[in-house]
Amino acid sequence: MSFSLTLKIESIPPPLNVVMRQHYHKRHKLYQDIYHHVKFLSKGKTPPSPLEKATIEIERHFYRFCDFDGLVGSFKPYIDSLQQNGVILNDSWAVLGSWKVNQIFRAKRLGPLVIIKVSENET
């Protein structure tokens, strides 16, 4: 039986170029908030042991788009949190391979949405 976890988050992280210009303490607080949020959303849904091979799919639904490297970089704290919470072994290429990342237009009135899917790969 393969493991799968889907997280729906009704907020988006700031783009990487904004985060990297922040003061260390402000960036640290942002990352801690993300870690706690992911921990809350994944509580009781983690696999018995961290996944050694997995696929990550991220969809960012928003009315504005980011450039690709800023988009991928902005989700690094979410992936780090999956590692801290025991969902994945680590975030290395050997475990995750390339991330599948997409941006989808969503009307401003609907608000932001992020969907993160973690699926176990059979080794």
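Quick note: structure is the one above.
It should be emphasised that the depicted structure is a prediction, and the values quoted were computed from it without experimental measurement.

A. Structural view of the sheet that holds strand β4 (residues 113-120). Ordered in space as β1-β4-β2-β3, the 4 strands form an open sheet in which the pairing is mixed. Each edge of the sheet is formed by a strand with only one pairing partner; in this case those strands are β1 (4-9) and β3 (100-105). Neighbour to neighbour, the strand axes of the sheet diverge by 10° on average, direction disregarded. Two strands pair when backbone bridges link them, and strand β2 (residues 54-62) and β3 are joined in this way by 6 bridges, in the parallel orientation. Considered in β3, the bridge of F62 is made with F105.

B. Molecular detail of the pattern of salt bridges. Per the stated rule, a full pass over the model turns up 3 salt bridges. Across the salt bridge formed by K76 and D80, the nearest N and O atoms sit 2.6 Å from each other. Of this pair, K76 and D80 both sit in helix α4 (residues 76-84), 4 residues apart, which is roughly one turn of the helix. Relative accessible area serves as the criterion here: at 35%, K76 is assigned to the partly exposed category. Overall, the relative accessible area of 19% leaves D80 in the buried class. Two residues, K76 and D91, come together in a salt bridge whose shortest N-O distance is 2.3 Å. With K76 in helix α4 and D91 in the loop between α4 and α5 (93-96), this pair connects stretches of sequence that are 15 residues apart. According to the relative accessible area criterion, D91 is partly exposed, its value standing at 25%. Ionic contacts of the salt-bridge type, sharing partners, join the residues K76, D80 and D91 into one network.

C. Focus on the pairing of β1. Residues L5, L7 and I9 of β1 are buried on one face, while the alternating residues S4, T6 and K8, pointing to the opposite face, are not. With 6 bridges connecting them, β1 and β4 associate as antiparallel partners. Paired with I9 across the two strands is V114, which belongs to β4.

The rules behind these values
- Residues numbered from 1 in each chain as written.
- Predicted model: local features only at pLDDT ≥ 70, side-chain atom pairs only at ≥ 80, totals over all residues.
- Heavy atoms only, no water.
- Pairing = 2+ DSSP bridges.
- Helix = DSSP H or I, 4+ residues; strand = E, 2+ residues; numbered from the N terminus.
- Axes fitted to C-alpha atoms, helices over the stretch in contact; angles between N-to-C directions.
- Salt bridge = Lys/Arg side-chain N within 4 Å of Asp/Glu carboxyl O.
- Buried < 20%, exposed > 50% of the residue type's maximum accessible area, 1.4 Å probe, protein only.

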